[in-house]
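Structural features, examined
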Amino acid sequence: MVKYITKRILIMIPTILFVIFIIFFILHFMPSSPGRIILGMNATEAEVEAVNDQLGYNDPILVQYVNYIKNALQLDFGDSYQYSKPVFRVLLPKFPVTLKLALLSMLVACVIGIPIGIVSAVKKYSLADTASTVIAMLFSSIPSFFFGVLMILLFSLKLKWLPSNGLGTWKNYIMPVLTLALPTAAYLSRLTRTTMIDTMKQDYVRTAKAKGCHPTRVIFCHALRNAMMPVVTQIGMSLAGLLGGAIITEQVFGLPGFGTVCLTAIQNKDTPVIMASVIFLSALFMLVILLMDIVYAFLDPRVMYKTVE
């Protein structure tokens, strides 16, 4: 297991460097310079050039890239142009909101989607299976931001049950969590159904049934473990996507999260914040995938052995 994890971590290093390389060169060709962004439109060219020289913006681009990597290895990602303080002092206070939103959404999606998928597979072509398929298609086809607006109109403006924006109590999380969780649950239910149906056709499942195993034991002890492997992978991908893709939902519900800060940085061309947020989310995405790979290896040890070899 140690060799397996070490190999996966070593693969992450060149991936992070490649991400930094791509984002750095893309942002370098933005039409405005750091000095102009920091000082504003009323500053003179001499003042702008002085700030650019101080920040090393006028150095060759490869020199800037190497210097950025050196500073990043020391956890120095520069200062925000907008807030004039280290970027992680801007980003990290906002991340717990996004993390809580993503984890709660993924938990709700799993609690709803996986059991429905199991029931649909066991009762294939029944009324429950048909109804779950129709509902899953409905929630999968509605854009999350539009679904969030509909929930605000119904539960906040019409029924006045829940707050429409901000972050005051636990009630503020209900609609954002459901907005992200229900489409994910719809996909998980369909994936769980498909993998369970395929698994139930395998020889070892038929053998367990022939030996007189209780149907519940056949489903949960023999079929579900193997059927869950693709689902676990999708859970990891969905969680990583929720951590980086909740920007629109945070905007709709007015949540002061990580996505809101990133969007503001993009609007204000705050390059250090954009760079740090992309690197942070990329590293987090790869850590989540690493965690899912470890879980996958526990579910199917053959994966770990093949990778190590």
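Coordinates for the structure precede this section.
Heads up: these notes are all about the structure in this document.

Reading the values: the criteria
Residues numbered from 1 in each chain as written. Predicted model: local features only at pLDDT ≥ 70, side-chain atom pairs only at ≥ 80, totals over all residues. Heavy atoms only, no water. 1 Å grid on protein atoms, 1.4 Å probe; cavity = no way out; pocket = protein on both sides within 12 Å on 5 of 7 lines; lining within 4 Å. Points joined across faces, edges and corners; volume = space filled by probe spheres on them. Helix = DSSP H or I, 4+ residues; strand = E, 2+ residues; numbered from the N terminus. Nonpolar A, V, L, I, M, F, W, Y, C, P; charged D, E, K, R; others polar. Patch = residues over 30% accessible without salt bridge, like charges linked within 9 Å, V, L, I, M, F, W, Y side chains within 5 Å. Areas by Shrake-Rupley, 256 points an atom, 1.4 Å probe, with all protein chains shown as cover. Salt bridge = Lys/Arg side-chain N within 4 Å of Asp/Glu carboxyl O.

Roughly 740 Å³ of internal volume is contained in the largest pocket. In this structure, the largest pocket is lined by 29 residues; those nearest its centre are Leu 55, Tyr 68, Gly 78, Tyr 81 and Pro 272. At the level of secondary structure, the elements contributing two or more residues to the lining of the largest pocket comprise helix H1 (2–28), helix H2 (34–39), helix H3 (45–55), helix H4 (61–73) and helix H14 (271–299). Sort the elements by how many residues they give to the lining of the largest pocket and H4 lands first, with four residues. Its residues placed into classes, the lining of the largest pocket shows 14 nonpolar, 11 polar and four charged. Within this model, the second largest pocket holds a volume of roughly 360 Å³. Surrounding the second largest pocket, 14 residues form its lining, Ile 16, Ile 20, Ala 72, Phe 77 and Ile 279 being those nearest its centre. The set of elements that each furnish at least two residues to the lining of the second largest pocket consists of H1, H4 and H14. By residue number, the principal contributor to the lining of the second largest pocket is H1, which donates five residues. By residue class, the composition of the lining of the second largest pocket is 14 nonpolar, no polar and no charged.

Taken together, the side chains of Phe 145, Phe 146, Val 149, Leu 150, Leu 153, Leu 157 and Ile 248 make up a nonpolar region of the molecular surface, amounting to roughly 620 Å² of accessible area. With six residues, the single largest contributor to the nonpolar patch is helix H8 (residues 144–158). Mapped onto the elements, Ile 248 comes out in helix H12 (residues 247–253).

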